[in-house]
Amino acid sequence: MAKITFNWEVKPEGFTLKLLSHSLFVKSHPLPTEEWIQRVTPAQVAGIGQILAWVDEEIASKNGVEVLIPHARIAAFDLAMALDLSLPPIWPYLLDLQHDGTVEQAKFRFKISWLQPNGQSVLGVKRNGASINKGNIKYRLSEPLFGILEAAETFNATLAEKMDMRLQIWAKMQLLLPEESSRSIQLDGYLTSTRVAHASSFSLNFESGADGFTLEPVLFGSEVSKAYAENQEEAPKEIQSLLPPIQQKKFSQNRFCASPECQARYALGSGWYVVLDEPVQKALSVVRQVQMSTPEIRRQFIRNPRSFLAEALGGDLSETVLEAIFIETSEYSDRVRDVGFWHPKVLPWVKRGGENWFVEESFGLQVDGQKIELTAEQSRELRQSIQEAIETGTPSVPWQETLIPATPETLAALDALPIQEKKPITPDDKPEKPPEIKGSPYVLEILGNLAEEEYQRGRIQRPLIPDIGLPICLKSSFKPHQKEGFAWLQEAWITGQSGVLLADDMGLGKTLQALAFLAWLREGMNAGRPAKAPILIVAPTGLLKNWELEHHQHLHAPGLGEPLRVFGTGLIDLRDRKGREIDLGQATLNADQLAHADWILTTYETISNYQHSFAAIRFAAVVFDEMQKIKNPGTLMTHAAKALNANFVLGMTGTPIENRLADLWCLIDTIQPGYLKDLAVFSRTYEKDPKEEDLRRLKTQLTEKSPLGPPLMLRRMKIDRLPGLPKKIDHPLEQIMPQLQAQAYETTVQMVRAEGGGRHVLEALHQLRMISLHPLHPAQATNDEFSEASARFMLTLSILDKIFANGEKVLIFLESIEMQPYLAAILQRRYGLNSLPMLINGTVTGAKRQERINAFQEGGQGFDVIILSPRAGGVGVTLTAANHVIHLSRWWNPAVEDQCTDRVYRIGQKREVHVYYPQAIHPVYSDQSFDRRLHALLERKRHMSREMLIPPIHSEDAHTLFTQTVGSESEQTLQYPQSPAPFSK
């Protein structure tokens, strides 16, 4: 194979190439012929191919058989290819770059000379672009020498009075210079210590504070500007700024703030200078004016900085230029509008008899957690007073020793009550920002969607993750429904949904589905699409350890990476400053550690107490486990959750509706704001007097696929999705009340009948409920015979006797905290247990609770029992070592009751599960007995909830239950059976 020699001619514009012995081009097609390719070396083919590519890109120009290649491209050829193309050898001498004067002086120039290895000067040097001669010998300059010489000579030729231009040239040359002298370049000390930064774009760093948001400019160079212009789908907070941290701080907090106008250049000290392009200088002059303005002007700017800049510049910069120079980073969510004092949230309230009971009889307002009961007349009177206060600018109205805010939100809450007719709120009704209340916490103000739809989050343009299959690190196998759930999460991400609600029945493996999705997302981030950002897991304290355990169980290392535990003692090392965030109005946690964490584990209480820190971080995804914790829109906890800046939100709960349909609205408004409109409209539509077709339509809206993407909510039940799960057998058991219990029950019924119901309906039903559990207070218990006064207790003991005989384990759900220790003591004595049965209730901490759960799960064979409160034990607990569940006291929401059962009946259960519902039956009222009527009501609700989204209990249900249990007065003379003999083991 012959090597062809190329003939090069040096011209001012570049090098001209000709072939000596063969035409390189055939007709107009810019490719070498097959015959020619066979005659040259592979390196020559590659070199010619590069030259022809430059011709296609119009970097090089072709005229007949000649190609003109710019000097910069000649300098870019690597050594081997340059030799194969017959280019001159590389220049072998050392560049000695010195200076004359300092950069502040107009006389400053670069001094260029060449040295031999022995230090002697090289004379007779002439340069023409990338061609350089020593005498008659030709050489080629390669990078970076070529670029340095071009920049230095351009700098020296620049007019002295144009210092900004000279600094820009130096900044470009500086990118080519080594940090210290090398084998090819020798620099003097001044050049190595003087750094010029050329800013061609900027972003803004927002921070919360007691006086509202503050903003500081962050400068970027041409490389970042170019990358952002090419791909503006997201600009992460952590993209590298032009200046090192110390110089950036000096610029933004000292030099920039020293003048009311932005300067073209700044001296930052320690040899650092920064020079700004003219468009950047103009835009930052507007930013400087905003910095010096009022909190209201800053608030307007932060809501839409790009639009504000465009209007303020008044056409000085085109939209295209502004798009190129201003990089919007995603620090705070668009939903966050300012920092301000926490103002009481006013919500409609419907009274429920007893803290955990359901009877709806009266209503009112809930003002910052305080309930104010209203009659229909009082409600109308209060509405009129609020309307007048808004019109006169009065901030609040006194009512029953409470100041009620005079705002459109209060009017909307009154409108949502059953007796109000909606009066439209006009723009003139809106008051100014409520006055600051001394001692109130500083919070991030958000667009809340309470009285009107203020914020709607549309679909998000996301980069496609390269691999849409299963994550490589997944070690567990999916069940069919889990694979379906994982694909649903992927599709929601790909189609740009802002989030979804995974509302699967307990025990279907929601955590595994979430971990698999997050692992897929993390692997995409590791491949560069999407941009890398932390993942946030928010859960009750007791579940955070479980997240780590399941992470190690289901994912191969590294999985999601290293967890950052931001709760409990883990907060100590993260604090940058002392003081509470709600007092300071600014972040106190280390933003760098949060922003660069792989995945963060924290609690709902922590994001509430540290909302300024968490809201300033852009999260790739936020997972809210047991999301019903933020079902109330009037709490600081919910407020903080909605302020988070998440690319994607995954809500997880087995009970999306706990008390009322507004619970579901609040969850969806956190996941995809605006999807269900504002709370006032939602409550009027679905809570005042909902029709079945409305409730079915709501379920369809949430659970059916749309042309744009998958459903927003996924709700599947074990009975449908786990055909291999052992059978669950329900045992509704009844026993006649003993005499003491029956007499107490009868006394309450007769009292209510005599009074004709009225205001005593709530108390009557609550009293019947308590008597049906036990007629006496635990303080009256003197011995084990106490249990014989309750039909439910006797039934429970007879059930436990059989379980004990079979050596199996059981959970007992009992709401009464006072009754739990009494029951534990009697069970220890009755069954000869070494210690009291474990109690899991609200007083047991997360870590201690997990210890008790582990002991129960790993305790081997034999009888064991745990007594649990439905609220504490029905969440995030896996207790498959038991296969019996006794609901000693009933819960008003069948979904919550089922959630308790699902502690046992879930993936991992190998045996049949027996669920017992002991019921106390009155000897005469029989079918009217409270327990029997309540059981029938809850069963009906269970069935209906499969067809539509319904509130757990509606006011009609309460009145129906009251009618069915109390009814009309009986004319019979009641005869009570004698109490049975003392119950013995």
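Up top you'll find the structure we're talking about.
These notes cover the structure that comes with them. Quick caveat, the model's predicted, so the values are computed rather than measured.

Quick look at the overall build of the protein chain
If you tally the helices and strands in the protein chain, you get 36 helices and 37 strands. Evaluated residue by residue, the protein chain yields a buried proportion of 54% over its 985 residues. Of the contacts made within the protein chain by residues no fewer than 6 positions apart, 72% connect residues no fewer than 24 positions apart. Accessible surface, the protein chain: about 43200 Å² in total, of which carbon and sulfur atoms supply 51%.

A short note on the packing of helix α34 (residues 894–901) against helix α35 (residues 930–945)
Direction vectors running N to C along α34 and α35 enclose 90 degrees, while the axes themselves pass 9 Å from each other. As the angle between them shows, α34 and α35 are arranged roughly perpendicular. In this structure, α34 contributes Pro894, Glu897 and Asp898 to the contact, and α35 contributes Leu938, Lys941 and Arg942. Partitioned by chemical class, the residues of the contact of α34 with α35 number 2 nonpolar, no polar and 4 charged.

Quick word on the nonpolar core
By size, the foremost hydrophobic cluster in this structure holds 53 residues, and its most contacted members are Trp8, Ile51, Phe77, Phe110, Trp114 and Trp170. If we ignore the near neighbours within four places in the chain, the residues touching tryptophan 8 are Phe15, Thr16, Leu17, Ile51, Ile69, Ile74, Leu85, Ser86 and Leu87. Among the nonpolar cores identified, the runner-up in size contains 50 residues, and Leu564, Ile657, Ile671 and Leu712 belong to it.

Observations concerning the environment of isoleucine 886
Take isoleucine 886: it is sitting in strand β36 (residues 884–887). Under the relative-accessibility criterion, isoleucine 886 is labelled buried at 0%. In the structure, isoleucine 886 is positioned 75 residues away from leucine 811 in sequence and 6.2 Å away in space, judged by C-alpha atoms. In contact with isoleucine 886, other than residues within four places in its own chain, are Thr796, Ile799, Leu800, Val810, Leu811, Ile812, Phe813, Tyr916 and Pro918.

Observations regarding the sheet that holds strand β24 (residues 535–538)
Read across the open sheet, the 7 strands follow the order β25-β26-β24-β28-β30-β23-β31; overall the sheet is parallel. Bordering the open sheet on either side are β25 (563–566) and β31 (713–714), each of which pairs with just one other strand. Alignment of β24 against strand β26 (residues 599–602), held across 4 bridges, turns out to be parallel. Its bridge partner lying in β26, leucine 536 is registered against isoleucine 600.

Focus: the pattern of salt bridges
Following the criterion strictly, the structure yields 25 salt bridges and no others. Glutamate 491 is the salt-bridge partner of lysine 705, the closest N and O atoms lying 2.5 Å from each other. Taken together, the residues span a long stretch of sequence, with lysine 705 in the loop between α26 (692–703) and β31 and glutamate 491 in helix α16 (residues 480–494) at a distance of 214 residues. Under the relative-accessibility criterion, glutamate 491 is labelled partly exposed at 30%. When salt bridges with common partners are traced through the structure, they connect Arg890, Glu897, Asp898, Glu939 and Arg942 into a single cluster.

A word on the sheet that holds strand β6 (residues 109–115)
Strand order in the open sheet formed by 3 strands is β6-β5-β10, with mixed pairing between adjacent strands. The open sheet is flanked by β6 and β10 (185–187), the only strands paired with a single partner. Strand-to-strand, the axes of this sheet are offset by a mean angle of 25 degrees, without reference to chain direction. Summarising the sheet, strand β5 (residues 94–100) and β10 pair through 3 bridges and their orientation is parallel. Across the sheet, residue leucine 95 finds its bridge partner in β10, namely isoleucine 185. Lying on the sheet, helix α5 (residues 145–157) is in contact with β5, β6 and β10; it crosses β6 at an angle near 140 degrees.

Brief notes about helix α28 (residues 739–755)
Compared with the 24 Å implied by 1.5 Å per residue over 17 residues, the 24 Å span of α28 between its first and last C-alpha is a close match. Considered for burial, the residues of α28 that qualify are Gln741, Ala742, Tyr745, Glu746, Thr748, Val749, Val752 and Arg753. Down the axis of α28, the buried side of the element spans an arc of 160 degrees, and every buried residue falls inside it. Residues Thr747 and Ala754 are exposed on α28 and point more than 90 degrees away from its buried face.

Section: the packing of aromatic side chains
The geometry of an aromatic ring pair is captured by two quantities: the separation of the ring centres and the angle between the planes. In this structure the tally under the stated criterion is 22 aromatic pairs. The interplanar angle of 85 degrees and the centroid separation of 5.4 Å between the aromatic rings of tryptophan 91 and tyrosine 139 together place this pair among those described as edge-to-face. Taken together, the positions of tryptophan 91 in the loop between α4 (79–84) and β5 and tyrosine 139 in strand β9 (residues 137–140) put the pair 48 residues apart, joining distant regions of the chain. No difference in accessibility class separates tryptophan 91 from tyrosine 139, as the two residues are buried. Consider the rings of phenylalanine 804 and tyrosine 831, whose centres lie 5.0 Å apart with planes at 35 degrees: the pair is tilted. Here the residue phenylalanine 804 occupies a position in helix α30 (residues 791–806), and tyrosine 831 occupies one in helix α31 (residues 819–831), the gap between them amounting to 27 residues. Under the relative-accessibility criterion, tyrosine 831 is labelled buried at 5%. The lysine or arginine in question, lysine 728, covers the ring of tyrosine 905, its NZ or CZ lying 6.0 Å from the ring centre.

A short note on the pairing of strand β7 (residues 125–128)
Bridging between β7 and strand β8 (residues 131–134) involves 4 bridges; their strand directions are antiparallel. Bridge assignment links lysine 126 to a residue of β8, and that residue is asparagine 133. Turn length for the β7-β8 hairpin, with the two strands adjacent in sequence and antiparallel, is 2 residues, and the turn residue glycine 129 shows positive phi of about 65 degrees.

A look at the side chain of serine 608
Its place among the elements puts serine 608 in helix α21 (residues 604–609). Ignoring anything within four residues of it in the chain, the contact list for serine 608 reads Leu636, Met637 and Ala640.

As for unusual backbone geometry
Along the chain, glutamate 143 connects to proline 144 via a cis peptide bond; the corresponding omega equals 5 degrees. Position of proline 144 among the secondary structure elements: in the loop between β9 and α5. Cis geometry is found at the peptide bond from alanine 557 to proline 558, where omega equals 5 degrees. Secondary-structure assignment places proline 558 in the loop between α18 (541–554) and β25.

Considering the side chain of glutamate 550
Within the secondary structure, glutamate 550 sits in helix α18. For the buried glutamate 550, no salt bridge exists, and the shortest N-O distance to an oppositely charged side chain is 6.1 Å, to arginine 906. With sequence-adjacent residues up to four places away left out, glutamate 550 is seen in contact with Thr511, Leu512 and Leu515.

Cut-offs applied
As a convention, each chain's residues are numbered from 1 in the sequence order in which they are written. Since the coordinates come from a predicted model, pLDDT governs what is reported: local features require at least 70, and pairs of side-chain atoms require 80 or more to be given and counted, while whole-chain, interface and lining totals use all residues. With hydrogens and water excluded, all non-hydrogen atoms of the structure serve as input to the side-chain values. Strands here are runs of E lasting at least two residues and helices are runs of H or I lasting at least four, both read from the DSSP assignment and numbered beginning at the N terminus. Classification of residues uses two cut-offs on accessible area relative to the type maximum, computed with a 1.4 Å probe and protein chains only: under 20% is buried, over 50% is exposed, and between them is partly exposed. By definition, residues are in contact when any of their heavy atoms lie within 4.5 Å. For the accessible areas, the method is Shrake-Rupley and the probe is 1.4 Å, while residue cover comes only from the protein chains on display. Interaxial angles span 0 to 180 degrees and are taken between N-to-C directions of axes, which are lines fitted to C-alpha atoms, for helices over the stretch in contact. Should an angle fall under 35 degrees it is taken as roughly parallel, and over 145 as roughly antiparallel, whereas 65 to 115 is taken as roughly perpendicular and any remaining angle as oblique. Gly counts as polar in this scheme, as do all residues outside two lists: the nonpolar Ala, Val, Leu, Ile, Met, Phe, Trp, Tyr, Cys and Pro, and the charged Asp, Glu, Lys and Arg. For this analysis, a nonpolar core means a set of buried residues of the types Ala, Val, Leu, Ile, Met, Phe, Trp, Tyr and Cys, connected via side-chain atoms within 4.5 Å. For two strands to be treated as a pair, DSSP must find at least two bridges joining them. One speaks of a salt bridge when a side-chain nitrogen belonging to Lys or Arg is within 4 Å of a carboxyl oxygen belonging to Asp or Glu. Each residue after the first adds 1.5 Å to the expected span of a helix. Directions pointing from the helix axis toward each C-beta atom define the arc. In this scheme Phe, Tyr and Trp rings, the latter by its six-membered ring, pair at centre separations within 6.5 Å, and the angle between planes marks the pair as stacked below 30 degrees, edge-to-face above 60, and tilted otherwise. Criterion for a charge above a ring: Lys NZ or Arg CZ within 6 Å of the ring centre, and within 35 degrees of the ring normal. Charge counting treats Lys and Arg as positive and Asp and Glu as negative, with His and both chain ends excluded.

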